[in-house]
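The lines below spell out each chain.
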Amino acid sequence: MNGMNENPAALIPELLLLGGAVLGLLLGSWLPRQRQWVVRVLAAGAALAGLVATAAAATRPDEIVFGTSYAVDTLTHATRAVVLVAVLVALALSVEATAGHRRETEFVVLLQLGALGTVLLGGAADLLLLFAAFLLASVPFYALAGWDKRRLEVEAAMKYYLSGAFLGVTMIAGTAILSGVGRGTAYGPLRDGLAVAPAAAVGVGLVALLAGLLFKIGAVPAHFWVPDVTEGTPPAVAAIVTTIPKVGGLVAAYRLLLVAIPADGPDWPLLIAVLAAASMTLGNLAAFFQTSVQRLLAYSTISQVGYLLMAVAAAGRAELAQPALLFYLAAYVVTNLGAFAVVAALPRARTLDDYRGAARSRPALVVALAVCLFGLIGTPPTAVFVGKLTVFTAALDGGFAWLAVLAIVNTVASVFYYLRWFAPAFRGDGTDAVLEPGGRWATAAAHGCAAAAVLLGVFGGAALPLLTEPPAL
Amino acid sequence: VLSVIVFLPAAVAAVLLALPRATPPAVFVGAWLAVCVADLALVVAVWAGLEPTGGLQFEQRVPWIPTAGISYHVGVDGISLPLAAMTVVLFGACAVFALRETRRVKAYVTLFLALQTVSLGLFVALDLILFFLFFDLSIVFMYFLIAGWGHGERARAAALKFFLYTFLGSLALLLGFILLYLAAVPHTFDIVELIAADPLAGGGAYAGLTLLAIGIGLAVKTPAVPLHTWLPPAHTEAPATGSAILAGVLLKMGTYGFVRIAMPVLPDTWRQYALVVVVVGVVSVVYGALVALAQTDLKRMIAYTSINHMGYVLLGVGAAGMLAGGDEQARRLATTGAVTQMVSHGLITGALFLLAGVLYDRGRTYDMAAWSGLAARTPVLAGGFAVAAFASLGLPGFSGFIAEFQIFTGALPVAPVATVLAVTGILVTAALFLVALQRLFLGPLRVPDAPGTPRPIADLHPSETVSIVALLALATVIGLLPRLLLDVIEPAARTLVELVAR
């Protein structure tokens, strides 16, 4: 192993997130409560600088840095870019909910640390680093879930933490098994090691390891925390924990399965396909008759993960799998954050009925909501449509025709509950007390996300060729 | 030029959205009218410049998502241009009719303008994904129109049913498109390239499934029996202009899809299953006519006659795929007839729905039993309705006759039984329209006593007259001087028949 590749310059976006968090924490300890916005500005600056660094890094050839532990390739660049954009949006949509709060600094710092863990998940090319990244992406978000310390929040945080701890232990057990039978932790050597290892052990280890990642992305059967955490926390927190970890978890699963698991090993594509089918179907069925908007969105994110997992199931078997996954992730993040931003912008409206008459009293917000919800359905020309189109194509190409048909049926079913939210907005006159606006920043975030969802759908297709480079070995 | 025609309404809609809500309604409707006039002028210019035998023209192609073989590709030929022209005319008529609309005019007009862009875009799209985009958006905008301007609570239920049903159809369509994409080497969504490549020549299960997916998607929209159940409630609850556009333009998207995509891209499979299409067509014809006969609700009745008329189109395109027993001339006749029927149905049914809207405006009900003897009070309404009814049942001298005559002549040699059965559909529609005319306009005067109804029932207002008469006049012109239309359609139909027969 050469020591030449331990180049911190390859990790500038990650270091910026870390630096922003540490500096923010120090700064926040000394700032009076009303001036903690400085920390937020610092975090936004770090994220913007990280985006610039990501763009610069993307022009250089792919490499593996720090021994064989961390890949800097298309997958990592895309993860960085999507997560950093998500951080910026999350910072914007949470301004009103957190500004002047006595733990505003903690909110920003926890967001940054969790985002850092998520990026590391995406880039990890070594089982040990993967698990470390899992912890770094989990612990800050547990704390974030209980950040406001209200009763429901504490309960949600407990549930989140307990599921995470349990599945995290499963994941480390899987790591141990795989590295034991495969004689290594780095993905490249592991692939050779696992090829000659007993198939049963590889299968058990892989399933155990995936359990942790499924928890991160909130997919069935590790989804039980999602509805409670989403409903029990403020919209800003819910938006973050249902959106950001998914990016890292899905990219990590894709990289792990494609790079570290030998092609003639366990039949993981089928396993992932079944999980995808279960996620989209159960998420949809559970969302049908929800009355709380945040709970509805929670189940909607579970079903969206199902569609995203379709691309993972087709990994290595369909040319479009990787661009489909990355594009859908970007589309999902923008659209889902947009929907949560609308919720954050109308903080008093907690149930579907509260949106009655919103079209009259808040027409612009309702348009943003319409774009985001039709976006989540996958209506062209929004971004998720391009994502779904490519994902469905990848699934069919990868031999999962049944999964594509199921996804289509689910998509139609999902129309029903998205419209249940959205249709009351056009009836009657809104009670203005419930539809009291939450503030300019959340509203601006909603509009920005809605616009981005459409622009990404219309012009984003040009970016697909940039996402096709296979992962670095 | 085509892009301007397509996106002009959307651009104007964007400008109108920026205007304050307090702007007088006349500004919005006026802008819509101006857009229709401008679009019409452009379509006429394209028509004048179209070389009928020249295949696809005025093409424009810009890469959109190159990785997935998707491009913004538009163009017209003798099949799509008449439909685009019919679309513009019908939207223009609706704009005139909408001069009397008072409810939330700003949103109403912007929705219609968006719908106009989507409809025109669909008819000129030469890329499957572009086609799908417009197909899907037409559902979204129509949903809002029915839910927002329909008749109360039931309209929302009808709109939801419409949305779910047709959305399922559109996703089946998408599945078929993806299967086509994967079958083509190199992978592409471009219709022209797919036609040239004929990726699924030789048929097989894969090709059959592809046609099934596309067929279901288009049949829901057409709608063909048994996938038609969304249509009657959607029509009954929609506002008059919405019904006119839904029947006149949106239904054509289904049948146009057969002609533009299913037939030329999957010729072998189309020939293999042409009999199925013919059977579905005949069932739609007979079933639509019989159920229409049993209706007491005027608008439901017209809705079912739409199913009947779309059945003729399916009969025509199905017959075009049956090689055995028919010569090329017959198949060409059937195809030409099918396309003519699409144009003709758009004009005539559009007029019928606008007339039904007038009736509802006066008495707040579509129930035919509530009305009687209107001819004495409202001669123009009665006359207009009589002309529209006769045109719709296929009387010579109107466009419907030209279309149906050609379909029957073309289909008779290849599917004699089916054709004879379909002709009975004409008899039934003739009967039901005569019964409707008799109930509504003859006999002693009776009008519904809804509260707030202006008692002396008013005849057509000038704006209503202009819009309805314009549509009927055009249907008559086509009926009397069919060469104007057929000269454009026939060469394109010939090309299509050759593509199907290869």
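Anything mentioned here points back to the structure above.
What comes next is a walk through the structure. (Residues numbered from 1 in each chain as written. Chains lettered and ligands numbered in written order. Predicted model: local features only at pLDDT ≥ 70, side-chain atom pairs only at ≥ 80, totals over all residues. Heavy atoms only, no water.)

Re the overall build of chain A
Part 1 of the argument: Summing up its helical and strand segments, chain A has 19 helices and two strands in all.
Part 2 of the argument: Computed over the C-alpha atoms, the radius of gyration of chain A is 21 Å, within 12% of the 23 Å expected from 2.2 N^0.38 for a compact globule of 473 residues.
Part 3 of the argument: When the backbone C-alpha atoms are referred to their principal axes, chain A occupies close to 70 × 55 × 40 Å.
Part 4 of the argument: Here chain A holds 473 residues, and the buried ones make up 63% of them.
Part 5 of the argument: Of all intrachain contacts in chain A linking residues separated by at least 6 positions in sequence, the fraction that spans at least 24 positions is 82%.
Part 6 of the argument: Accessible area for chain A stands at about 15900 Å²; split by element, carbon and sulfur atoms hold 69% of it. (Helix = DSSP H or I, 4+ residues; strand = E, 2+ residues; numbered from the N terminus. Rg over C-alpha atoms; globule rule 2.2 N^0.38 Å. Buried < 20%, exposed > 50% of the residue type's maximum accessible area, 1.4 Å probe, protein only. Contact = heavy atoms within 4.5 Å. Areas by Shrake-Rupley, 256 points an atom, 1.4 Å probe, with all protein chains shown as cover.)

A look at the overall build of chain B
Part 1 of the argument: A count of helices and strands for chain B gives 20 helices and two strands.
Part 2 of the argument: Here chain B has a C-alpha radius of gyration of 21 Å; the compact-globule value for 502 residues is 23 Å, and the two agree.
Part 3 of the argument: Principal axes of the C-alpha set define a box for chain B whose edges measure 65 × 55 × 40 Å.
Part 4 of the argument: Residues counted as buried form 66% of the 502 residues belonging to chain B.
Part 5 of the argument: Summed over its atoms, the accessible surface of chain B is roughly 15800 Å², and 72% of this surface lies on carbon and sulfur atoms.
Part 6 of the argument: Placing the 26 positive and 25 negative side-chain charges of chain B at their respective mean positions leaves the two points 10 Å apart. (Lys, Arg positive; Asp, Glu negative; His and termini not counted. Charge placed at Lys NZ, Arg CZ, Asp CG, Glu CD.)

Re the interface of chain B and chain A
Part 1 of the argument: Facing 30 residues of chain B, the contacting portion of chain A comprises 34 residues.
Part 2 of the argument: Of the roughly 2800 Å² buried where chain B meets chain A, counting both sides, 82% is carbon and sulfur surface.
Part 3 of the argument: Summed over the three residues of chain B that lose the most area to chain A, namely Trp64, Thr67 and Leu175 of chain B, the buried surface amounts to 17% of that side.
Part 4 of the argument: Taken together, the connections running from chain B to chain A amount to zero salt bridges.
Part 5 of the argument: Where chain B packs against chain A, one counts one residue pair in polar contact (both at pLDDT 80 or more). (Buried area = accessible area lost by both parts, 1.4 Å probe. Salt bridge = Lys/Arg side-chain N within 4 Å of Asp/Glu carboxyl O. Polar contact = N/O pair within 3.5 Å; in protein donor to acceptor, adjacent residues only side chain to side chain.)

Some remarks on the environment of Gly203 of chain A
Part 1 of the argument: Tracing the sequence through the fold places Gly203 of chain A in helix α9 (residues 199-217).
Part 2 of the argument: Residues Gly203 of chain A and Trp37 of chain A lie 166 residues apart in sequence; the distance between their C-alpha atoms is 49 Å.

What to know about the packing of helix α11 (residues 235-260) of chain A against helix α13 (residues 293-313) of chain A
Residue and element names in this part refer to chain A.
Part 1 of the argument: The geometry of α11 relative to α13 is characterised by a closest axis approach of 11 Å and an angle of 15 degrees between their N-to-C directions. When the interaxial angle is binned, α11 and α13 end up roughly parallel. The two elements α11 and α13 cross, and the hand of that crossing is right-handed. For the pair formed by α11 and α13, the contact residues are Pro235, Ala238, Thr242, Lys246, Leu250, Ala253, Tyr254 and Leu257 on the first element and Gln294, Thr301, Val305, Leu308, Leu309 and Val312 on the second.
Part 2 of the argument: Here the residues of the contact of α11 with α13 are counted per class, giving 10 nonpolar, three polar and one charged. (Axes fitted to C-alpha atoms, helices over the stretch in contact; angles between N-to-C directions. Parallel < 35°, antiparallel > 145°, perpendicular 65-115°, else oblique. Left-handed = near helix turned anticlockwise from the far one by under 90°. Nonpolar A, V, L, I, M, F, W, Y, C, P; charged D, E, K, R; others polar.)

Considering the nonpolar core
Part 1 of the argument: Grouped together as the largest cluster of nonpolar side chains are 367 residues, with contacts concentrated most on Leu309, Met310 and Trp421 of chain A together with Trp32 and Ile245 of chain B.
Part 2 of the argument: Sorting elements by how many residues they give to this core places helix α14 (residues 321-345) of chain A first, with 20 residues.
Part 3 of the argument: One finds Tyr312, Ala319, Ala418 and Ile426 of chain B within the second-largest nonpolar core, a separate group that totals 17 residues. (Core = buried A, V, L, I, M, F, W, Y, C linked by side-chain atoms within 4.5 Å.)

What to know about unusual backbone geometry
Backbone phi values are negative for most residues with the exception of glycine, while trans is the configuration of most peptide bonds.
Residue and element names in this part refer to chain B.
Part 1 of the argument: That bond from Val185 to Pro186 is cis: its omega, -5 degrees, falls within 30 degrees of zero.
Part 2 of the argument: Along the chain, the position of Pro186 falls in the loop between α6 (153-183) and α7 (191-197).
Part 3 of the argument: The omega torsion across Thr222 and Pro223 is -15 degrees, close enough to zero to call that bond cis.
Part 4 of the argument: Mapped onto the secondary structure, Pro223 falls in the loop between α8 (205-221) and α9 (231-237).
Part 5 of the argument: In the Ramachandran plot, Phe58 falls in the positive-phi region, its phi being about 50 degrees despite a non-glycine side chain.

What about the side chain of Lys216 of chain A?
All names here are of chain A.
Part 1 of the argument: Relative to the helices and strands, Lys216 resides in helix α9.
Part 2 of the argument: With no salt bridge to any partner, buried Lys216 finds its closest opposite charge in Asp228, at an N-O distance of 16 Å.
Part 3 of the argument: In contact with Lys216, other than residues within four places in its own chain, are Leu121, Phe134, Ala137, Ser138, Phe141, Tyr160, Trp225, Pro245 and Lys246.

Some remarks on α9 of chain A
Residue and element names in this part refer to chain A.
Part 1 of the argument: Between its terminal C-alpha atoms α9 stretches 26 Å, which fits the 27 Å expected from 19 residues at 1.5 Å a residue.
Part 2 of the argument: Counting buried positions along α9 yields 14 of 19 residues, so the element is predominantly enclosed.
Part 3 of the argument: Of the residues flanking the end of α9, it is Gly218, one or two places downstream, whose phi is positive at about 65 degrees. (Expected span 1.5 Å × (residues − 1).)

Focus: the layout of surface pockets
All names here are of chain A.
Part 1 of the argument: Of the pockets and cavities examined, the second largest pocket occupies roughly 710 Å³.
Part 2 of the argument: Put simply, the parts of the chain that give the lining of the second largest pocket at least two residues each are α2 (37-58), α3 (74-93), α14 and α19 (440-459).
Part 3 of the argument: With seven residues, α3 is the single largest residue contributor to the lining of the second largest pocket.
Part 4 of the argument: Here the residues of the lining of the second largest pocket are counted per class, giving 18 nonpolar, four polar and three charged. (1 Å grid on protein atoms, 1.4 Å probe; cavity = no way out; pocket = protein on both sides within 12 Å on 5 of 7 lines; lining within 4 Å. Points joined across faces, edges and corners; volume = space filled by probe spheres on them.)

A few points about the environment of Trp32 of chain B
Residue and element names in this part refer to chain B.
Part 1 of the argument: Topologically, Trp32 is positioned in helix α2 (residues 25-49).
Part 2 of the argument: Given the relative accessible area of 0%, Trp32 is considered buried.
Part 3 of the argument: As for Trp32 and Ser344, which are separated by 312 residues in sequence, their C-alpha atoms are 24 Å apart.
Part 4 of the argument: What Trp32 contacts, discounting residues up to four positions off in sequence, is Phe91, Cys94, Ala95, Ala98, Tyr108, Val109, Phe112, Leu113 and Gln116.

Topic: the side chain of Arg260 of chain B
Residues and elements named next belong to chain B.
Part 1 of the argument: Summarising the element assignment, Arg260 is placed in helix α10 (residues 240-265).
Part 2 of the argument: Its relative accessible area of 7% is what places Arg260 among the buried residues.
Part 3 of the argument: With residues up to four places along the chain from it excluded, the contact list for Arg260 reads Leu56, Asp77, Ile79, Ser80, Leu126, Ile191 and Ile195.

What to know about the pattern of salt bridges
Side-chain pairs of opposite charge can arise whenever the charged atoms involved come near each other.
Part 1 of the argument: Tallying each qualifying case throughout the model produces 20 salt bridges over all chains.
Part 2 of the argument: Via salt bridges that share partners, Arg100, Asp361, Arg362, Arg364 and Glu464 of chain B belong to a single interconnected network.

Brief notes about the packing of aromatic side chains
Part 1 of the argument: Under the defined criterion, the tally for this structure stands at 39 aromatic pairs over all chains.
Part 2 of the argument: When the ring of Tyr142 of chain A is compared with that of Tyr161 of chain A, the centres are 5.3 Å apart and the planes differ by 90 degrees; the resulting orientation is edge-to-face. Of the two residues, Tyr142 of chain A sits in helix α6 (residues 127-145) while Tyr161 of chain A sits in helix α7 (residues 151-182), which places them 19 residues apart along the sequence.
Part 3 of the argument: With relative accessibility at 11%, the residue Tyr142 of chain A sits in the buried group.
Part 4 of the argument: Geometrically, the ring pair formed by Tyr160 of chain A and Trp225 of chain A is stacked, given 4.4 Å between the ring centres and 25 degrees between the ring planes. Separated by 65 residues along the polypeptide, Tyr160 of chain A in helix α7 and Trp225 of chain A in helix α10 (residues 225-232) bring together distant segments of the chain. Here Tyr160 of chain A matches Trp225 of chain A in class, with each residue buried.
Part 5 of the argument: Among the aromatic side chains, those forming a connected cluster through ring pairs are Phe131, Phe134, Tyr142, Tyr160, Tyr161, Phe215 and Trp225 of chain A.
Part 6 of the argument: Seen from the ring of Phe135 of chain B, Lys221 of chain B lies directly overhead, with NZ or CZ sitting 4.6 Å from the centre. (Phe/Tyr/Trp six-rings, centres within 6.5 Å; stacked < 30°, edge-to-face > 60°. Lys NZ or Arg CZ within 6 Å of the ring centre and 35° of its normal.)

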